[in-house]
Amino acid sequence: MSLWIYPGSFDPVTVGHMNIIERAASLSGRLIVAVLRNTGRSPIFTMEERLELLRLATSGIPGVTVESFGGLLAEYARLRGASAVVRGVRRASDYEYETQMALMNRRINPGMDTIFLPAEPAYAPLSSTVVRDVGMLGGDLTGLVPDAILDRVQKKLRAMN
Ligand code: ADP
């Protein structure tokens, strides 16, 4: 059994993220879903909301814990004793950006590697941005975010318009 970290902003968590979480947790045995504190963009969902939504959505998946982190990902992984960081790759541009990050993270923490999981084709067009845009315009988010959090996400986004 190993420990991996899945970092992201999860603003909010989507079924695309859930697919990566399930696959990564079953491969590693233990997975920390880590919500970035120091993102340049200002999130729609507060840190507390993003953590709670992730906890609700992942409560049935063995080996998964959810927490927030700030600072350097490679240092955080070292602190937690994680052997790898996992990232989902949806398209070629994701891969280009992600390899750059992966190389820099290995420079900082040579004991850690990056695992790329290809997005399920059905989820490849999905992002938190798409969910926010559709939700704020009153669209139905069924099938885009996990059922366990559908009402909460839908309500908050509709109220923002
Ligand atoms: P970022 O803020 O860096 O875009 P996100 O919080 O959106 O990160 O996502 C975190 C991780 O999840 C990234 O590795 C991203 O590529 C991956 N991801 C996002 N959406 C999907 C999806 N639909 N299918 C697979 N992976 C995804």
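Residues numbered from 1 in each chain as written. Predicted model: local features only at pLDDT ≥ 70, side-chain atom pairs only at ≥ 80, totals over all residues. Heavy atoms only, no water.

J.: How do you make sense of the site of the ligand when you look at a structure like this?
T.: Neighbouring residues of the ligand: 16 residues in total, closest Tyr6, Ser9, Arg41, Gly88 and Tyr123. At 2.6 Å, a side-chain N or O of Tyr6 approaches an oxygen atom of the ligand. In this structure, an oxygen atom belonging to the ligand sits 3.2 Å away from a side-chain N or O atom of Arg87. Contact with the protein chains covers 90% of the free accessible surface of the ligand, which is 540 Å². Going through the elements one at a time, β1 (2-8), α1 (15-28) and β4 (84-89) are the ones with two or more residues in the shell around the ligand. Classifying every residue of the shell around the ligand gives 7 nonpolar, 5 polar and 4 charged. (Near = heavy atom within 4 Å. Polar contact = N/O pair within 3.5 Å; in protein donor to acceptor, adjacent residues only side chain to side chain. Areas by Shrake-Rupley, 256 points an atom, 1.4 Å probe, with all protein chains shown as cover. Helix = DSSP H or I, 4+ residues; strand = E, 2+ residues; numbered from the N terminus. Nonpolar A, V, L, I, M, F, W, Y, C, P; charged D, E, K, R; others polar.)

J.: So what exactly am I meant to see when it comes to the packing of helix α2 (residues 47-58) against helix α6 (residues 150-159) here?
T.: Think of two packed helices as two axes; the pair is described by the angle between the axes and how far apart they sit. Two elements in contact, α2 and α6, have axes whose closest approach is 10 Å; the angle formed by their N-to-C orientations is 150 degrees. Overall, the two elements α2 and α6 adopt an arrangement that is roughly antiparallel. Residues Glu49, Glu52, Leu53 and Leu56 of α2 lie in contact with α6, whose contacting residues are Arg152, Val153 and Lys156. Of the residues that constitute the contact of α2 with α6, the class distribution is 3 nonpolar, no polar and 4 charged. (Axes fitted to C-alpha atoms, helices over the stretch in contact; angles between N-to-C directions. Parallel < 35°, antiparallel > 145°, perpendicular 65-115°, else oblique. Contact = heavy atoms within 4.5 Å.)

J.: Help me understand the packing of helix α5 (residues 128-136) against α6 in this model?
T.: For the pair α5 and α6, interaxial distance at closest approach is 7 Å and the crossing angle is 65 degrees. Between α5 and α6 lies a crossing whose hand is right-handed. Here Val131, Arg132, Gly135 and Met136 of α5 lie close against α6, whose contacting residues are Val153, Leu157 and Arg158. Of the residues in the contact of α5 with α6, the class split is 4 nonpolar, 1 polar and 2 charged. (Left-handed = near helix turned anticlockwise from the far one by under 90°.)

J.: What am I meant to see in the pairing of β1 here?
T.: Regular strands place their side chains on alternate faces of the sheet. The buried fraction of β1 amounts to 6 of the 7 residues, a majority that puts the element mostly inside the structure. Considered for its hand, the β-α-β crossover made up of β1, α1 and strand β2 (residues 29-36) is right-handed. Where β1 lies against β4, 2 bridges are found, and the strand directions are parallel. In the sheet register, Ile5 faces β4, and the bridge partner there is Val85. (Buried < 20%, exposed > 50% of the residue type's maximum accessible area, 1.4 Å probe, protein only. Right-handed = clockwise from strand over helix to strand, strands pointing away. Pairing = 2+ DSSP bridges.)

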